[in-house]
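# Per-entry structural report
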Amino acid sequence: MKRIENKISRQVTFSKRRLGLLKKTHEISVLCDADVALIVFSAKGKLFEYSTESSMESILERYESYSYAERKLNANDSEPKGLSVNIQEKPKLMSRIELLQRNIRHYMGEDLDSFCLREFHGLEQQLDTALKRIRARKNQLMHESISQSQRKVNYIKISRGPRL
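Below, the discussion takes up the overall build of the chain. Check the secondary structure of the chain and you find 4 helices and 2 strands. Of the regular secondary structure in the chain, the N- to C-terminal order runs α-β-β-α-α-α. Relative to its full complement of 164 residues, the chain shows a buried share of 18%. Within the structure as shown, the chain displays about 13500 Å² of accessible surface, and the carbon and sulfur contribution to it stands at 58%.

Below you can see the structure in the form of structure tokens.
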């Protein structure tokens, strides 16, 4: 097997194989009730991703914790303790940062080209939930502000005393 030299043929093959890979990923998740996350970067750096019902973030967190625990078990005792923790934490933190940045782009409506209908539905639910929380917090602050203003008005009325 070798790299396809013709750029157009390579792109067509990439697109077809990516779709096939997505199809197989979906099939294994449905047939075997498996949590699956698939991340593919094109030669140009474009991100294509797929995750099952549980979110990509939760699957990656599970992978990171599993991978971190496995690395910790296999780590040499000859490394200084503080240094080995920092070295092991860096990939986990970098992955987490990348995931958060990608989520922010999605929340801003960017990089949505590779989304399937299920991913759009999940993003919409997340945004709806966030909007409900924002509105609830805003209403709470407005009620608190109104109550505080009413207390000030009552205090001013009391401090002036009755007018005759």
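Turning to the side chain of Ser 42, a few remarks are in order. Structurally, Ser 42 can be placed in the loop between β1 (37–41) and β2 (47–51). For Ser 42, the residues in contact, after removing those within four places along its chain, are Phe 14 and Phe 48.

Before going further, it helps to spend a moment on the environment of Ser 58. Mapped onto the elements of the fold, Ser 58 is located in helix α2 (residues 56–74). Ser 58 sits in the partly exposed class, given a relative accessible area of 26%. When the C-alpha atoms of Ser 58 and Ala 37 are compared, they prove to be 9.7 Å apart, with 21 residues separating the residues in sequence.

Let us look at the environment of Asp 113. Residue position: Asp 113 is located in the loop between α3 (81–107) and α4 (117–160). Relative accessible area serves as the criterion here: at 66%, Asp 113 is assigned to the exposed category. Sequence separation of Asp 113 and Leu 47 is 66 residues, and the distance between their C-alpha atoms is 9.1 Å.

What follows concerns the pairing of β2. Of all the 5 residues making up β2, 5 are buried; the element is thus mostly covered by neighbouring parts of the structure. One ladder, built from 5 bridges, connects β1 with β2; its direction is antiparallel. Bridged to Ile 39 within β2 is Glu 49. Between β1 and β2, which pair antiparallel one after the other, the connecting turn spans 5 residues, and Gly 45 there sits at a positive phi close to 90 degrees.

A complete count under the given rule lists 8 salt bridges for this structure. Among the ionic pairs, Asp 111 bridges to Arg 105, the shortest N-O distance being 2.5 Å. Classification of Asp 111 as partly exposed rests on a relative accessible area of 45%. Several salt bridges converge on common partners, so that one network encompasses Glu 57, Glu 61 and Arg 96.

Here we take up the side chain of Thr 25. Mapping Thr 25 onto the fold places it in helix α1 (residues 7–32). Residue classification places Thr 25 among the buried residues on the basis of a relative accessible area of 8%. Not counting the four nearest positions on each side in its chain, Thr 25 is found in contact with Val 36, Leu 38 and Tyr 50.

An ideal rise of 1.5 Å per residue puts 64 Å on 44 residues; α4 measures up with 64 Å between its terminal C-alpha atoms. Backbone geometry just downstream of α4 places Gly 161 in the positive-phi region, at approximately 80 degrees.

Scoring rules and cut-offs
- Residues numbered from 1 in each chain as written.
- Predicted model: local features only at pLDDT ≥ 70, side-chain atom pairs only at ≥ 80, totals over all residues.
- Heavy atoms only, no water.
- Helix = DSSP H or I, 4+ residues; strand = E, 2+ residues; numbered from the N terminus.
- Buried < 20%, exposed > 50% of the residue type's maximum accessible area, 1.4 Å probe, protein only.
- Areas by Shrake-Rupley, 256 points an atom, 1.4 Å probe, with all protein chains shown as cover.
- Contact = heavy atoms within 4.5 Å.
- Pairing = 2+ DSSP bridges.
- Salt bridge = Lys/Arg side-chain N within 4 Å of Asp/Glu carboxyl O.
- Expected span 1.5 Å × (residues − 1).

As far as function goes, none of this settles anything; it's purely spatial.
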